[in-house]
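Observations on the three-dimensional arrangement
Listed here are the chains, written in short residue letters.
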Amino acid sequence: MARQKIVAGNWKMNKNMEEGLSLASEVIHMAVDELPSSQGVSLVLNPPFLHLSAVRKLIPAGKGIYLGAQNCHHKPSGAFTGEVSAEMLKSLPVDFTIIGHSERREYFGETNALVAEKLNLLLEKGIRPIFCCGEALPIREADTHLAYVAQQSTESLFHLTAEQLKQVVIAYEPIWAIGTGKTATSAQAQEMHAHLRAHLAGKYGVEVASEISILYGGSCNPANAQELFACADVDGGLIGGASLKSRDFIEIAKSFPNK
Ligand code: PEP
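For the structure given in this document, a descriptive report is provided here. The structure displayed is predicted, hence computed values, not measured ones. (Residues numbered from 1 in each chain as written. Predicted model: local features only at pLDDT ≥ 70, side-chain atom pairs only at ≥ 80, totals over all residues. Heavy atoms only, no water.)

**Concerning the overall build of the protein chain**
Quick reminder of the rule: Here a helix means four or more residues in a row that DSSP labels H or I, a strand means two or more in a row labelled E, and each is numbered from the N terminus. Between the two quantities, the radius of gyration covers C-alpha atoms and the globule rule is 2.2 Å times the number of residues to the power 0.38.
Scanning the protein chain from terminus to terminus reveals 12 helices and 8 strands. Taken against the 2.2 N^0.38 rule, which gives 18 Å for 259 residues, the C-alpha radius of gyration of the protein chain at 17 Å falls within 12% of a compact globule.

In structure tokens:
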């Protein structure tokens, strides 16, 4: 079975409402005009929480364009001022939600166990998690990156059933490549993606592992996407900076080879 090809844009804390709506509507128009559904690429727009409801209204049905949030709280509801729950996201509805992004891990102290709690709530609500993992530079320099990322996935994902895991999208994002302009080489990306897939296969079997989309994230742009997406185990990208420019985002989405 062919894996789902996905290009997801993580807008982070950028764009006011007017700018966000104009970016979303440009991306949607270009996608409808230029990305034939025969290419089977799914786009996910992940604007800030505030914009979700308005962007939802712009997304046409049946065009392979989906709405995602950038985070959710790890408790179902309650006295957590300023937070947003999986249930609230479902009520919009959103289709996907990014969890475990390295910026959340670094600035908000999110651990693998906390990410697992978020994942459970999202799956309960029928929202597909985009689970981020990836190593910092010292870990890569110490040559322990493969074990480190496998451990992240073990601690956040391995309590799931196979059916639940199939709803999860994994995004491998080496921290040293995020927002730095320094991209992993296609060999580095492929090595990690294949390693992650083999790690999943060890627990869930080859068939299940072969169905999981694993995205690459970290300074992906129209100039390097083609080489990255040509790798056997790279199923698309989680795009930060380049998702803020509609033309760049769409060019990245057009970068899949026929494989
Ligand atoms: C990200 O933060 O998810 C990301 C991939 O950012 P960038 O593309 O800007 O490196």
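**Digging into the packing of aromatic side chains**
Our working rule: Each Phe, Tyr or Trp ring (for Trp, its six-membered ring) is paired with any other whose centre lies within 6.5 Å, and the angle between the two planes then decides the class: stacked below 30 degrees, edge-to-face above 60, tilted in between. Using a 1.4 Å probe on the protein chains alone, a residue whose accessible area is under 20% of its type maximum counts as buried, one over 50% counts as exposed, and one in between counts as partly exposed. We call a charge positioned above a ring when the Lys NZ or Arg CZ atom is no farther than 6 Å from the ring centre and deviates by at most 35 degrees from the ring normal.
One pass over the structure, following the stated rule, counts 4 aromatic pairs. Each ring, one from Phe158 and one from Tyr204, has its centre 5.7 Å from the other, and the planes form 90°; the classification is edge-to-face. Within this pair, whereas Phe158 is found in the loop between α7 (145-157) and α8 (162-165), its partner Tyr204 is found in helix α9 (residues 186-204), the two being separated by 46 residues in sequence. Tyr204 sits in the buried class, given a relative accessible area of 13%. The ring of Phe108 has Arg104 sitting right over it, with the charged end atom 4.0 Å from the ring centre. Against the face of Tyr204 rests Lys203, its NZ or CZ located 5.9 Å from the ring centre.

**Digging into the sheet that holds strand β1 (residues 5-10)**
The test is simple: Pairing between strands is defined by DSSP: at least two bridges between the two strands are required. For helices, the fitted line uses only the C-alpha atoms of the stretch in contact; every axis is such a line through C-alpha atoms, and the angle between N-to-C directions lies from 0 to 180 degrees. Here, residues are in contact when the closest pair of their heavy atoms is within 4.5 Å.
Taken together, the 8 strands give a closed barrel; going around it, the order is β1-β2-β3-β4-β5-β6-β7-β8, and neighbouring strands pair in parallel fashion. Each neighbouring strand pair of the sheet contributes to a mean axis angle of 25°, computed without reference to strand direction. Looking at chain direction, β1 and strand β8 (residues 236-239) are connected through 4 bridges and run parallel. Bridging across to β8, Ile6 finds its partner in Gly236. On top of the sheet, helix α1 (residues 17-34) reaches β2 (41-46) and β3 (65-69); it is set at about 175° to β2, its chief contact. Across the sheet, helix α12 (residues 246-253) is in contact with β1, β2 and β8; its angle to β2 comes to roughly 150°.

**Quick word on the side chain of His193**
Rules: Throughout this description, a polar contact denotes any pair of N or O atoms lying within 3.5 Å of each other; where both atoms belong to protein, one of them has to be capable of donating a hydrogen while the other can accept it, and for residues adjacent in sequence the pair is counted only when both atoms sit in side chains.
Within the secondary structure, His193 is located in helix α9. Assessed through its relative accessible area of 0%, His193 is described here as buried. At a separation of 3.0 Å, a polar atom in the side chain of His193 contacts the main-chain carbonyl oxygen of Asp233. Setting aside chain neighbours within four positions, we find His193 in contact with Tyr172, Ile214, Leu215, Tyr216, Asp233 and Val234.

**Points about the packing of helix α5 (residues 112-124) against α7**
The condition is simple: Roughly parallel covers angles under 35 degrees, roughly antiparallel covers those over 145, roughly perpendicular covers 65 to 115, and oblique covers all other angles. Should the near helix be turned counterclockwise from the far one by less than a right angle, the crossing is left-handed, whereas a clockwise turn marks it as right-handed. Each residue is assigned to one class: nonpolar for Ala, Val, Leu, Ile, Met, Phe, Trp, Tyr, Cys and Pro, charged for Asp, Glu, Lys and Arg, and polar for all the others, Gly among them.
Contact pair α5 / α7: the axes reach a minimum separation of 7 Å and the direction vectors enclose 45°. Overall, the two elements α5 and α7 adopt an arrangement that is oblique. The handedness of the crossing between α5 and α7 is right-handed. Only Gln151, Gln152, Glu155, Ser156 and Leu157 of α7 make contact with α5, whose side of the interface consists of Asn112, Val115, Ala116 and Leu119. A class-by-class count of the residues in the contact of α5 with α7 yields 4 nonpolar, 4 polar and 1 charged.

**Quick look at α5**
Stated formally: Any helix carries an expected span of 1.5 Å times its number of residues minus one.
Counted at 1.5 Å a residue, the expected span for α5 with its 13 residues is 18 Å, and the 18 Å between its end C-alpha atoms agrees. Tucked into the core, α5 has its buried residues touching α3 (86-91), β4 (96-99), α4 (102-108), β5 (128-133), α7 and α8. With its phi angle positive at about 80°, Gly126 sits one or two positions after the end of α5.

**Some words on helix α2 (residues 49-58)**
As a reminder, the rule being used: In this description, the arc belongs to the directions extending from the helix axis to the C-beta atoms.
Looking only at α2, the buried set comprises His51, Leu52, Val55 and Arg56. Each buried residue of α2 lies within a common arc of 145° when the element is viewed along its axis, so the set occupies one face. Opposite the buried face of α2, by more than 90 degrees, sit the exposed residues Leu50 and Lys57. In this fold, the buried residues of α2 make contact with α1, β2, β3 and α3.

In short, geometric facts, not functional conclusions.
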